[in-house]
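# Secondary and tertiary structure notes
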Amino acid sequence: MSETSVLCDIGFVGAGVMGKNLILNLADHGYRVAAFDLDHKKLEAVIAQDKAERGDKPARVICCSSYTELLSRLSSPHLVIVSVPAGKPVDDVCLKLIDAGIQADDIIVDTGNSLWTDTVRREKHYEGKFIFFSTAVSGGEVGARFGPSLMPSGDPYAWTRIEPIWRAIAAKVDPATGRPLERHEPGNPVIEGEPCATYIGPGGSGHYVKMVHNGIEYADMQLICEVYQVMRDALGMSAQQVSDVFKEWNQGILNSYLMEISAEVLATKDSETGLPLVDVILDKAGQKGTGLWTAVSSLELGCPAPTISEAVFARSMSTLKDQRVLASTLLSGPVREHCTNQTSEQMIKQLHDALYCAKICVYAQGFDLMKTAAAEHGWQLNFAEIAKIWRAGCIIRAVFLQSITEAYERNDDLQNLLLDPFFSKQISVNQMNWRRAVAEAAMTGIPVSALSSALSYYDSYRTAVLPANLLQGQRDYFGAHTFERTDKAKGKTFHVDWSHNDRPMQKIK
Ligand code: 6PG
């Protein structure tokens, strides 16, 4: 049979960084892929890499020059995976595939960082034209190439078709230890292990879960950055010294991909100046929006995720570079050298414990948000499974995810991760150092908005009586917004005429 007459298993649209690596990963696992991209050069790069890796073996990727050709190269019903930027490009591809003759029982899988509500809309909008399925992908380019974490959701029939493919290409976890298995290199035997791919639920839920993953990612990154800043500005440590501490921490409970790469970033030298590269990188952070979406969702649902929001604000604050430079010459802070009587070793230990406790709170916020969204949208999310598929492949992968898996296996209806006996003990044991680290940073004038917001979250959550009684009084005073009483049945509301509070209280309902 000639090369061109063999039908492919999968059509793939989009050969950018993620697309190219997903295509090659699919090819590694024996799938024949027909690929299309508007930019032909990107396709040529995929073919060249496939050839370089396979040598004389037959190519497993073919490039197509149009959507029509792409569909003609696929076995029926067609399965087309799309990896294009979130937003309009996803709909553009769907419309082009409709024009090219995609059928009602064909499946299109969106793997971009789409807004989850767009996924819900698309599933309905394209009903009858094709089956719109989504799979959120985490792991960056290396993850896509050698094993990402995959969060699929949507039509259950489509899932039966896609499941074996996703399980094959996903990152794998050693079931005995819960640790990531070595990545699969081309040519090596395929690795057995628990795949980081599980069906999340109805359309949109997978992208919601990925959005929260990214919110946690933002907060986790910000926490690490704050610890770095305290080490740099309060302890006067060099980038290399901070890197050494992070490397050591990465051997223990703080082991995570983000800790590992932070150590590597800090140890890298600039080839032009010979300085630590991090010292010549401008302190203005970018963002593509997924952290913001998480923060907005938490506000809309009334589910507190302050450390995630703080991480988004910290990026916004970083962009005010010119104002900050000016303000640094005008606004005073404490005189740093007079602030601390701690040794560097003590402060480093405090920062370690602070990072660990704050990280627990960030995950508590993220999982609470998913739980609240699930209740709101009628999704049956399995939190132990979600924690499991984050143990490898994704950006927030960490040894700690195994403990979260176990917490939800102990109690799948856990109200908040902080209430799990393992995590409550961890915070109870480590909290004093967390408090000292935050206090020390405040006394030294170093901003630690994520570390301290996590601490406030913890303290608020464990406080039986918050000052919202006064707040309700204020609201009723100026707006007759009513309040409930501690000594009357729940749900009964009251109003006082505050200027004549000797008058009887009015019961509203
Ligand atoms: C992942 C990452 C990925 C991407 C982020 C970066 O899980 O693989 O989260 O999705 O790197 O979207 O987002 P920012 O540019 O907003 O930091």
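Residues numbered from 1 in each chain as written. Predicted model: local features only at pLDDT ≥ 70, side-chain atom pairs only at ≥ 80, totals over all residues. Heavy atoms only, no water.

## Structural notes on the nonpolar core
In terms of nonpolar packing, the biggest core is built from 92 residues, with M231, F246, W249, F367, W390, I404 and W434 touching the most fellow members. It is helix α15 (residues 344-377) that provides the largest number of residues to this core, a total of 18 residues. Two domains each provide a minimum of three residues to this core, namely domain 1 (3-203) and domain 2 (207-461). Once you skip the residues sitting within four places of it in the chain, W434 turns out to touch Q350, A354, C357, A358, C361, I427, L451, A454, L455 and Y458. (Core = buried A, V, L, I, M, F, W, Y, C linked by side-chain atoms within 4.5 Å. Buried < 20%, exposed > 50% of the residue type's maximum accessible area, 1.4 Å probe, protein only. Helix = DSSP H or I, 4+ residues; strand = E, 2+ residues; numbered from the N terminus. Domains from an automatic or database assignment. Contact = heavy atoms within 4.5 Å.)

## So, the packing of aromatic side chains
On inspection of all chains with the given rule, the structure shows 21 aromatic pairs. Between Y356 and F400 the ring centres are 6.3 Å apart and the planes differ by 75 degrees, which places this aromatic pair in the edge-to-face class. Linking Y356 in helix α15 with F400 in helix α17 (residues 400-410), this pair joins segments that are 44 residues apart in sequence. A relative accessible area of 3% places Y356 in the buried class. The class for F400 is buried, based on a relative accessible area of 3%. One aromatic cluster in this structure is built from Y356, Y363, F400, F422 and F423. The ring of Y218 carries the charged tip of R315 above its face, separated from the ring centre by 3.5 Å. Over the aromatic face of Y257 sits the side chain of R397, whose NZ or CZ is 4.0 Å from the ring centroid. (Phe/Tyr/Trp six-rings, centres within 6.5 Å; stacked < 30°, edge-to-face > 60°. Lys NZ or Arg CZ within 6 Å of the ring centre and 35° of its normal.)

So far we have only geometry, and geometry alone does not tell us how the molecule works.
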